[in-house]
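# Fold and contact review
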Amino acid sequence: MNKCFYCDQSGVLTEGTHQVGVSLYNKSDKKLAGFVCEDHIETGLNELAGQCFATKYWPIVADLDGTVLYHSYDADKAGFAIAAGWAFRKEF
């Protein structure tokens, strides 16, 4: 079972449904950081955004197989904040 990193920190056993990580703006050089449940995707994006600040990497969300579902660079181009872009990803 792929445990959600954030739930596991609080002693709750929740299965991770997605992976978060970082990628270059052109979607190459993907680096996945860990598993998260649906409730903690935005937390993971925000944490990675803080770590990526002033770098060439952007937070991403991938499925369990590693296929990128959301790239925050696209959200930024559409005028959305990184975590808000996940909620409104169907609009861009």
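Structure: above.
Quick caveat: nothing in here was measured; it's all calculated off a predicted structure.

Rules of the game
Residues numbered from 1 in each chain as written. Predicted model: local features only at pLDDT ≥ 70, side-chain atom pairs only at ≥ 80, totals over all residues. Heavy atoms only, no water. Phe/Tyr/Trp six-rings, centres within 6.5 Å; stacked < 30°, edge-to-face > 60°. Helix = DSSP H or I, 4+ residues; strand = E, 2+ residues; numbered from the N terminus. Lys NZ or Arg CZ within 6 Å of the ring centre and 35° of its normal. Salt bridge = Lys/Arg side-chain N within 4 Å of Asp/Glu carboxyl O. Buried < 20%, exposed > 50% of the residue type's maximum accessible area, 1.4 Å probe, protein only. Pairing = 2+ DSSP bridges. Axes fitted to C-alpha atoms, helices over the stretch in contact; angles between N-to-C directions. Contact = heavy atoms within 4.5 Å.

Right, let's talk about the packing of aromatic side chains for a bit. Scanning the entire structure with this criterion turns up five aromatic pairs. Judged by centre distance (5.1 Å) and plane angle (75°), the rings of W58 and Y73 are edge-to-face. Here Y73 lies in helix α3 (residues 72-77) and W58 lies in strand β3 (residues 57-62), a separation of 15 residues in the sequence. Consider the rings of F80 and F88, whose centres lie 5.5 Å apart with planes at 15°: the pair is stacked. Through pairs of rings, three or more aromatic residues link up here, namely Y25, W58 and Y73. The ring centre of W86 lies 3.6 Å from the NZ or CZ of R89, which sits over that ring.

As a further point, take the pattern of salt bridges. In the structure shown here, the tally under the stated rule is three salt bridges. D74 is paired through a salt bridge with K27; the nearest N and O atoms lie 3.0 Å apart. A residue pair is termed long-range when its members are at least 10 positions apart, and D74 in helix α3 and K27 in the loop between β1 (18-24) and β2 (31-36) qualify at 47 residues.

Another point: the pairing of β3. With six of its six residues buried, β3 lies for the most part within the structure. A two-sided burial pattern is seen for β3, the buried positions comprising Y57, P59 and V61 on one face and W58, I60 and A62 on the other. Two strands pair when backbone bridges link them, and β1 and β3 are joined in this way by six bridges, in the antiparallel orientation. Of the residues in β3, the one forming a bridge with G21 is I60.

What follows is about the sheet that holds β2. Reading across from one edge, β2-β1-β3-β4 is the order of the four strands in this open sheet, with antiparallel pairing throughout. Only two strands of the sheet have a single partner each, and these edge strands are β2 and β4 (68-71). Pairwise comparison of adjacent strand axes, ignoring direction, gives a mean angle of 30° for this sheet. As paired elements, β1 and β2 share five bridges and run antiparallel to each other. In the sheet register, Q19 faces β2, and the bridge partner there is F35. This element, helix α2 (residues 41-52), spans β1, β2, β3 and β4 of the sheet and lies at about 160° to β3.

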